[in-house]
2 protein chains.
Amino acid sequence: MKVIKVALLGFGTVGQGVYELLMKNGYIFEKKLGIQIDIKKILVRDVKKKREVKVPPELFTTNFEEILRDEEIAIVCELMGGLEPAKSYILKSLFQGKQVVTANKAVLAESGAEIFEMARSKGAFLGFEASVGGGIPVIKTLNEALIGNQIERITGIINGTTNYILTRMLEQNISFEKALDEAKAKGYAEADPSLDLKGLDSAHKISILGSLAFGIYIPFDKVYIEGIENIDLMDLKFAQSFGYVIKLIAEVKRDRDKIEIRVHPALIPEDHILTSVRLNYNAIFIRGDFVGDILLYGLGAGKEPTASAVVSDIISATEYLLSKKSPLIPYPSKKEDFKIKPIKECIFKYYFRFSALDRPGVLSKISGILGKYGISIASVVQIGRQKKRGAVPIVMLTHEAKEERVERALAEIDTLEVLKAKTKRLRIIE
Amino acid sequence: MKVIKVALLGFGTVGQGVYELLMKNGYIFEKKLGIQIDIKKILVRDVKKKREVKVPPELFTTNFEEILRDEEIAIVCELMGGLEPAKSYILKSLFQGKQVVTANKAVLAESGAEIFEMARSKGAFLGFEASVGGGIPVIKTLNEALIGNQIERITGIINGTTNYILTRMLEQNISFEKALDEAKAKGYAEADPSLDLKGLDSAHKISILGSLAFGIYIPFDKVYIEGIENIDLMDLKFAQSFGYVIKLIAEVKRDRDKIEIRVHPALIPEDHILTSVRLNYNAIFIRGDFVGDILLYGLGAGKEPTASAVVSDIISATEYLLSKKSPLIPYPSKKEDFKIKPIKECIFKYYFRFSALDRPGVLSKISGILGKYGISIASVVQIGRQKKRGAVPIVMLTHEAKEERVERALAEIDTLEVLKAKTKRLRIIE
């Protein structure tokens, strides 16, 4: 029986999940693989803190150097999250010749260039399956299963909090605020949910997926980002009446020599399988030139699913340890010469919701301006005058148009006196 | 640049797809991995046959021994299908110390015990990602990504032909025969589609998935099988009215020390993501104790998706070749002592469609017999008398009941004089 010694950095939700998995299912590795995965040290801030999981107290340490210097420890799992000291610990562990597993999307999306370079130069295995999509094996799929494909497009619902909120709003006819409160109560949203709601969490993840798909490290700051804070129940309902569901979409695709990488809410046709992804589930849709369309679906966060991914990386790391070989498949590399397609150059069909006074000629004025910018209307719904005076919604779906023209047209429309609020503009992805 | 020499056995649809993929995307491996995948020989029956793909004629051979004896050929891809000579060729190639990749579900489901044992004893890599679900990475997911999980259940739609037929019948209101003709015209059904329609193809595949999930080789003849030949449009419509979609389901799960493994049509609740799997798409739903529920979706057959899977296995084989190590994850092994749960002991909710004369007391007779066998009714629909005299459908959904009791109850009910045809019985999976 080979014994593999592992250290955990951090013992929050994910760390405890990994510990519990190894306690409950560690026998699988012993029986199936003839190896024993042994947690030798756990780095924590406070050794004495009360914890739900019962752990022999001698495993805890507050000193990272102790782990780093311990030659028996072959695999370091960074499960602390955040940028520092996570980044330094990952770099130092790799430098020391250890294999590293991390669940930290932020550190890869923001400092991946350095981390991947260190892993490459040391010939180390760096596992990060848990950084995107929880237990969904999207990293392995992109890196290994689809290796013979040119990836054309990745379209994901990769944030459970926002997907939960959008699902509940539509299905329960409730406001954004009410759905958010519910998500908090269920533990699907954090006390400060802004990273999720603003799309930053999704942007971290799509930066990682895009980097794998195209082999070029695409840092987080290249991602165009819009969140869901401005989605009204009314928009979800209008979209539904046109046969669409609004989801927070993270997408990356290649357009000849340019990469388009974005996070924003979008209307998805209701017969697309992504619209079946409800509540806190995640899904990643990948199009490859040979594999066609595939979708991977599951819980994108949470203690147990994330632990499942971390442990699968620990086993991969073990396989490289035992073979004393470096991974064949390279890490994304830093290239300065690739181009990001600016959002202004991107082309979409659009959903517009105008808030206009119900007066003769309004529709003609709006459509006149759209026409001037070459934007053609596919369908329109104008809701009749309401009892109290004031603005009424006019909803339009357009044919394909360049974002820049749309921005200019809407800026002009919004100066019309009959328009009573800034026009809502959402993209349609088909 | 390392050059890896590969032989293809068979040059039908899949073989040609693999060849085309390597021609088009082979540069990916050169650029990314520094290796060149080189097809050295292709085994065919007729060297002179006209083929769509242009291949240098010197690659073709009709002599398997030539490939076997060629020490340069490190990887053999068996893409012929069928039992023999595929089985002998796989065994001989493994014995000779070559790595083997196969897309052949039948040979693994029927002779896997021998083949897996040979791979194990030679420490060889045997890749079979393409044997189930075309380009969907379900083998890699079960074997590697979910290795830390106890698999509780796999529920799949793993035959494109039958899924296409059931989808078109329901969505286009057409008969089984008409949908089958359409599937043939589109190339989704073979000239003799009986392997697909009778559920045998799905049974081959679930035998492989079950073997991986539980680490015990479950041969094909242990799978309980029903096909879709008896599904009427009427049943699809009734199921829909109750909020269900009928799919051909392949399922394997563990019930303490027994394994339940079956292929049959089943009613799935319409809010389950499996019901979004339309036309010739496949999907595999897996429940693990840590990962929770995940779903993998994509094209389960076809030249390009299958080639994508074969090539990913060729790269895995290459990685083992270069490391000179055997795979850490073992092949399913033959065990005599595991128990299959007989279908009679399985418990389901059921859908019944009785064809009964519209006479007073019929419903009471039927429900009386069901009650006698302890089967309780959850809902019932009786369609009013039709213009012409004759049988009317009575549709019932039941609560959970043991299959054996259901069989006995239906046998008794079908002897009633007022029953005009054998009762339709479908299982419900939730």
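Because the structure is predicted, anything quoted here is derived from the model rather than measured.

1. Considering the overall build of chain A
Scanning chain A from N- to C-terminus turns up 13 helices and 18 strands. Compactness check: chain A gives a C-alpha radius of gyration of 24 Å against a globular reference of 22 Å for 430 residues, within 12% of the reference. Each principal axis of the C-alpha distribution contributes one length, and for chain A these read about 80 × 45 × 35 Å. Buried residues in chain A amount to 51% of all 430 residues. The contacts of chain A with a sequence gap of at least 6 include a subset with a gap of at least 24, amounting to 76%.

2. What to know about the UniProt feature "binding site: NADPH" (unreviewed entry) in chain A
All names here are of chain A. Using the residue numbers shown here, the UniProt feature "binding site: NADPH" (unreviewed entry) corresponds to Lys 105. Within the secondary structure, Lys 105 is located in helix H4 (residues 105-122). Lys 105 gets classed as buried once you count the C-beta atoms within 10 Å, which come to 25. Here Lys 105 is in contact with Ser 131, Val 132, His 204, Lys 205 and Ile 208, once residues within four sequence places are set aside.

3. Quick word on helix H6 (residues 160-172) of chain A
Residues and elements named next belong to chain A. Counted at 1.5 Å a residue, the expected span for H6 with its 13 residues is 18 Å, and the 17 Å between its end C-alpha atoms agrees. Along H6, 11 of the 13 residues are buried, which leaves the element largely enclosed by surrounding structure. For H6, every residue scored as buried is listed here: Gly 160, Thr 161, Thr 162, Asn 163, Tyr 164, Ile 165, Leu 166, Thr 167, Arg 168, Met 169 and Leu 170. Its buried side turned inward, H6 meets strand E7 (151-157), helix H7 (176-185), helix H8 (194-197), helix H10 (233-241), strand E9 (244-255) and strand E11 (281-288). In the segment just after H6, Asn 173 is the residue with positive phi, at about 60 degrees.

4. So, the relation of the copies chain A and chain B
By a simple turn and slide, chain A fits onto chain B: the slide is 0.0 Å along the axis, the RMSD is 0.0 Å, and the turn is 180 degrees. Taken together, the turn and the small shift mark the pair as related by a two-fold rotation axis. Closest approach to the rotation axis within chain A is made by the C-alpha atom of A:Leu296, at a distance of 2.4 Å. Here 100% of the contact residues of chain A are again contact residues in chain B; the copies associate through an equivalent surface.

5. So, the packing of helix H3 (residues 86-95) of chain A against H4(A)
Residue and element names in this part refer to chain A. For the pair H3 and H4, the least separation of the axes is 9 Å and the interaxial angle reads 10 degrees. When the axis of H3 is compared with that of H4, the two are roughly parallel. In contact with Ala 86, Lys 87, Ile 90, Leu 91, Leu 94 and Phe 95 of H3, H4 contributes Val 107, Ser 111, Glu 114, Ile 115, Met 118, Ala 119 and Lys 122. Of the residues belonging to the contact of H3 with H4, the class tally is nine nonpolar, one polar and three charged.

6. Focus: the UniProt feature "active site" (unreviewed entry) in chain A
Residues and elements named next belong to chain A. With numbering aligned to this structure, UniProt lists the feature "active site" (unreviewed entry) at Lys 205. Positionally, Lys 205 belongs in helix H9 (residues 200-214). Discounting chain neighbours no more than four positions away, the residues touching Lys 205 are Lys 105, Val 132, Ile 158 and Ala 250.

7. A look at the sheet that holds strand E2 (residues 35-43) of chain A
Neighbouring strands of a sheet are bound in pairs by backbone hydrogen bonds; such pairs are parallel or else antiparallel. Residue and element names in this part refer to chain A. Sheet architecture is open: six strands sit in the order E3-E2-E1-E4-E5-E6, paired in parallel fashion. The open sheet has two free edges, formed respectively by strand E3 (60-61) and strand E6 (126-127), since each of these has just one partner strand. One ladder, built from two bridges, connects strand E5 (residues 99-102) with E6; its direction is parallel. For Val 101, the partnering residue across the bridge sits in E6 and is Gly 127. Helix H1 (residues 13-33) contacts strand E1 (2-9), E2 and strand E4 (73-78) of the sheet and is inclined by roughly 160 degrees relative to E2.

8. Focus: the sheet that holds strand E2 (residues 35-43) of chain B
Residue and element names in this part refer to chain B. An order of E3-E2-E1-E4-E5-E6 is seen for the six strands of this open sheet, with the pairing classed as parallel. Among the strands making up the open sheet, the edge pair consists of strand E3 (60-61) and strand E6 (126-127). Pairing analysis gives two bridges linking E2 to E3, with the strands arranged parallel. Paired with Leu 43 across the strands is Thr 61, a residue of E3. Running over the sheet, helix H1 (residues 13-33) touches strand E1 (2-9), E2 and strand E4 (73-78) and is turned about 160 degrees from E2.

9. A closer look at the environment of B:Lys5
Residues and elements named next belong to chain B. Checked against the element boundaries, Lys 5 lands in strand E1. With 16 C-beta atoms counted inside 10 Å, the residue Lys 5 sits in the partly exposed group. As for Lys 5 and Lys 41, which are separated by 36 residues in sequence, their C-alpha atoms are 8.7 Å apart. When residues no more than four places from it in sequence are discounted, the contact partners of Lys 5 are Asp 38, Lys 40, Glu 72, Ile 73 and Ala 74.

10. A look at unusual backbone geometry
It is generally the case that most residues other than glycine have a negative phi and that most peptide bonds are trans. Residues and elements named next belong to chain A. Along the chain, Glu 84 connects to Pro 85 via a cis peptide bond; the corresponding omega equals 5 degrees. With respect to the element layout, Pro 85 can be found in the loop between E4 and H3. One non-glycine residue, Leu 279, adopts positive backbone phi at about 55 degrees. Examined against the element boundaries, Leu 279 turns out to sit in the loop between strand E10 (258-269) and E11. Residue class for Leu 279 comes out partly exposed when judged on the 16 C-beta atoms lying within 10 Å of it.

11. Describing the domain arrangement of chain A
Residue and element names in this part refer to chain A. The domains assigned to chain A are domain 1 (2-134 + 303-323), domain 2 (142-300) and domain 3 (345-428). Here the C-alpha centroids of domain 1 and domain 2 sit 28 Å apart. Listed per partner, the contact involves 13 residues of domain 1 and 15 residues of domain 2. In terms of residue count, H4 provides more of the side of domain 1 that touches domain 2 than any other element does, eight residues in total.

12. A closer look at the packing of helix H6 (residues 160-172) of chain B against helix H10 (residues 233-241) of chain B
Residues and elements named next belong to chain B. One can describe the packing of H6 onto H10 by two numbers: an axis separation of 9 Å at closest approach and a directional angle of 70 degrees. In terms of their interaxial angle, H6 and H10 are classed as roughly perpendicular. Across the interface between the two elements, Leu 166, Met 169 and Leu 170 from H6 touch Leu 233, Leu 236 and Gln 240 from H10. Of the residues in the contact of H6 with H10, the class split is five nonpolar, one polar and no charged.

13. Structural notes on the pairing of strand E9 (residues 244-255) of chain B
Taken across its 12 residues, E9(B) has 10 buried, putting it largely inside the fold. In textbook terms, the turn of a hairpin is the stretch between consecutive antiparallel strands, and for E9(B) and strand E10 (residues 258-269) of chain B this stretch comprises two residues, one of which, B:Arg256, has a positive phi near 50 degrees.

14. Quick word on helix H13 (residues 403-413) of chain A
Residue and element names in this part refer to chain A. Of the positions making up H13, those classed as buried are Val 406, Ala 409, Leu 410 and Ile 413. Summarising the axial view, the buried residues of H13 lie within an arc of 95 degrees, below the 170-degree limit, and thus occupy one face. Along its buried surface, H13 packs onto strand E14 (347-357), helix H12 (362-372), strand E17 (401-402) and strand E18 (424-428).

15. Remarks on the interface of chain A and chain B
In many reports, interface size means the accessible area that the parts give up when they come together. Listed as interface residues are 44 residues of chain A and, on the opposing side, 45 residues of chain B. Elements with a contribution of two residues or more to the side of chain A that touches chain B: H1, helix H5 (138-145), strand E12 (292-299) and helix H11 (303-323) of chain A. Of the residues belonging to the side of chain A that touches chain B, the class tally is 23 nonpolar, 14 polar and seven charged. The pairing of E12(A) with strand E12 (residues 292-299) of chain B spans four bridges and is antiparallel. Its bridge partner being in E12(B), A:Ile294 is matched across the sheet by B:Gly298.

16. Observations concerning the environment of B:Lys303
Residues and elements named next belong to chain B. Within the secondary structure, Lys 303 sits in helix H11 (residues 303-323). By the C-beta count within 10 Å, which is 18 here, Lys 303 ends up partly exposed. Between the C-alpha atom of Lys 303 and that of Thr 61, which follows or precedes it by 242 residues, the distance is 22 Å. If we skip the residues at most four places from it in the chain, Lys 303 touches Thr 13, Val 14, Gln 16 and Gly 17.

The rules behind the values
Residues numbered from 1 in each chain as written. Chains lettered and ligands numbered in written order. Predicted model: local features only at pLDDT ≥ 70, side-chain atom pairs only at ≥ 80, totals over all residues. Helix = DSSP H or I, 4+ residues; strand = E, 2+ residues; numbered from the N terminus. Rg over C-alpha atoms; globule rule 2.2 N^0.38 Å. Buried ≥ 20, exposed ≤ 12 C-beta atoms within 10 Å, placed from the backbone. Contact = placed C-beta atoms within 7 Å. UniProt positions renumbered as here; feature names shortened; annotations may be inferred. Expected span 1.5 Å × (residues − 1). Least-squares fit on C-alpha atoms with pLDDT ≥ 70 in both. Axes fitted to C-alpha atoms, helices over the stretch in contact; angles between N-to-C directions. Parallel < 35°, antiparallel > 145°, perpendicular 65-115°, else oblique. Nonpolar A, V, L, I, M, F, W, Y, C, P; charged D, E, K, R; others polar. Pairing = 2+ DSSP bridges. Domains from an automatic or database assignment. Arc of directions from axis to C-beta.

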